[in-house]
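# A closer look at the structure
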Amino acid sequence: MQAFHKLCSAFITLPMENIDTDQIIPARFLKQTHREGLGEALFYDWRYEANGQPKPDQVLNQKAGQDYEILVAGRNFGCGSSREHAVWALQGYGFRVIISPSIGDIFKSNALKNGLLPIEVDAPFYERIRAQEVGALFIDLEKQEVKLASGEIQTFSIDSFARLCLLKGVDQLGYLVGMDEAIGSFERRAL
Amino acid sequence: MHPRTLLDKIWSAHEVAAESADHPAILYIDRHLVHEVTSPQAFTELRQRGLRVRRPDKTFATLDHSIPTDARREAYVDDQARLQVETLRRNCRDFGVELFDLGSSTQGIIHVIAPELGLTLPGQTIVCGDSHTSTHGAFGALAFGIGTSEVGHVLATQCLLQKKPKTLAVHVEGQLGRGVTAKDLILAIIQKLGSGGGTGYVLEYRGPAIEALDMEARMTLCNMSIEAGAKAGLIAPDERTFAWLRSRRYAPAESAWEGAVTAWRQLRSDVGAVFDREIYMDAHAIAPMVTFGTSPDQSVGIQDHVPTDDHLQGALQYMRWQPGQKVEGVPIDVVFIGSCTNSRITDLRAAAKILKGRHAAPGLRLMIVPGSVEVKRQAEVEGLAKIFLEAGAEWREPGCSMCIAMNGDQLQPGQLAVSTSNRNFAGRQGKGSRTILASPLTAAASAVTGHLTDPRVFLL
């Protein structure tokens, strides 16, 4: 997993509320048995015509390949199914941060496991991000801060262990595997 | 002792290590359910790290999402689907995991077969790479969906790193009226909470209306907890739960039965236990519910009209409703009865009650997809299958089918379906598809008339 410290990037806004994981990656793309190559299929039904041609006026098509690493989205982003493919597709497109007033539980957990940073900001701050038409956002994971181009800062909360894993670029499986003795002792005691 | 909630009791019994300032709790998992779509990358991870499955005896797999539901069970929609199925078979062989494969008497939708086999038991922790794992909460188990990374965690360690969720008590007073089902109740609850309103909570359903529900109805209720964003749904187990589970294949043997039941009777929130939040519903006031929008919280009673709120314009446009339009009577193209929400034997009996001696409307496609081989067998024994076939229905093989529409069972662009499944997201049932979520009764009534119909007219 790639470590995450600071990021300064332009952002793309999808202001719709309740963007579910079926929108992020439609189910017919869940049949592959590997993680890679899903960036093209991200928001497929929003981005492509029935004949597979990309819609030229769709924001994600206009900005593809241009280093937009932050997605700003409406409330309850990532609700719906548990498919981790949604995270892989967002990363495949190039996103490293998702900002929304609220983010679905399973999506958030999946994002943290893959080094995609989910940030929840309050509604007024979200509106001020949206009002900022151009320029970049600054993310500092160490300080747990989002900074607008105007200099205004909001801190965000994140599970402390997940934060540490992101800062170090290590995944959580290694930690759990290292708990073998405690797990074995639980199995002898409780089962 | 301080009064504890049901969640408190299950949680503390599964803590390998308690939560600290630096670490989430390490939670032990009793049952890990696996299917073909969300597991391949997790098994790859294990191979790359040279890890084994820690507890194959607690891990059970089936095929449900990508498989065809027509009689030619290996006629996959494409080579990718075939490869995905073959990959699960190989992973189960290599890692020693029991697979309820196509062709066996135990195959079916994972959330239908696990209870059926007695794999789901009160007080357990149950996970699966599928958000509708909340279904198993109907038995007083803490059950929730996880992503593929966490599937890997459980395969390798039988544990998850978790922060304890908050509790939300959903009290439902009174009794549901005639023609009103658990599906209508959960749609009403989701409408009240909103699609993100349950985020961070475990919902504990309580009260007389819940106690009166049979186990299948409780599963329908808990199944859709995730549609309010909740981590899980929970119902305290009772005598009905114990009777339902007795003598199922993986349930405790007769010699151990009384001991198990004695322990399970402790699994209820203590009097005076404090919930983080509580809401109250009146079952009497709930009518058959249908969704009108593209999120499961966008629903109305079937005698009501589509709301006119500005923020719903996008959803109404996609669904092609006029604001203020009466929902009953809208012409439909397809009826789908199935999914982990409503494909159990009681759901099929409900549909058959209306379809008996009647025929689907001309030009309407009626698909009925049983949740498991066992449900299908039982429906055939009871004569339900004959009723469905005489009504002009497609009587298919078990699987997720048109709920997630990744196996080739799908709507054509623009088609409008009444579905007993759980999600009405734009394009969920195929690109451009439009979905109205409803109960099996409403679905069957609508199949007969060809338009969205209040089932109570057939039940007078």
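Above this text sits the structure in question.
Definitions and limits used
Residues numbered from 1 in each chain as written. Chains lettered and ligands numbered in written order. Predicted model: local features only at pLDDT ≥ 70, side-chain atom pairs only at ≥ 80, totals over all residues. Pairing = 2+ DSSP bridges. Helix = DSSP H or I, 4+ residues; strand = E, 2+ residues; numbered from the N terminus. Axes fitted to C-alpha atoms, helices over the stretch in contact; angles between N-to-C directions. Contact = placed C-beta atoms within 7 Å. Nonpolar A, V, L, I, M, F, W, Y, C, P; charged D, E, K, R; others polar.

Moving on, we come to the sheet that holds strand β2 (residues 25-28) of chain B. Across the sheet, which stays open at both edges, the 3 strands sit in the order β1-β2-β8 (chain B) with antiparallel pairing between neighbours. Looking at which strands have only one partner, the edges of the open sheet turn out to be β1 (15-17) and β8 (159-162) of chain B. Within the sheet, the average angular offset between the axes of one strand and its neighbour, ignoring direction, is 40°. Looking at chain direction, β1(B) and β2(B) are connected through 2 bridges and run antiparallel. The partner of A17(B) across the bridge, within β2(B), is I26(B). Those strands touched by helix α9 (residues 180-190) of chain A are β1, β2 and β8 of chain B, and its axis lies near 145° from that of β1(B).

This part covers the interface of chain B and chain A. Counting residues at the interface gives 52 residues for chain B and 41 residues for chain A. Elements with a contribution of two residues or more to the side of chain B that touches chain A: β1, β2, α2 (40-49), α3 (79-95), α5 (148-157) and β8 of chain B. Considering each element in turn, the side of chain B that touches chain A owes the most residues, 7 residues, to α5(B). The residue inventory of the side of chain B that touches chain A, partitioned by class, reads 20 nonpolar, 24 polar and 8 charged.

The next point concerns the sheet that holds strand β12 (residues 277-282) of chain B. Residues and elements named next belong to chain B. The strand order across the open sheet built from 4 strands is β11-β10-β9-β12, with neighbouring strands paired in parallel fashion. For this open sheet the edge positions go to β11 (232-234) and β12, each flanked by a neighbour on one side alone. Neighbour-to-neighbour, the strand axes of this sheet turn through a mean angle of 20°, independent of strand direction. The pairing of strand β9 (residues 166-173) with strand β10 (residues 201-206) spans 6 bridges and is classified as parallel. Across the sheet, residue T167 finds its bridge partner in β10, namely V202. Against the sheet, helix α6 (residues 182-193) contacts β9 and β12, and its axis sits at roughly 130° relative to β12.

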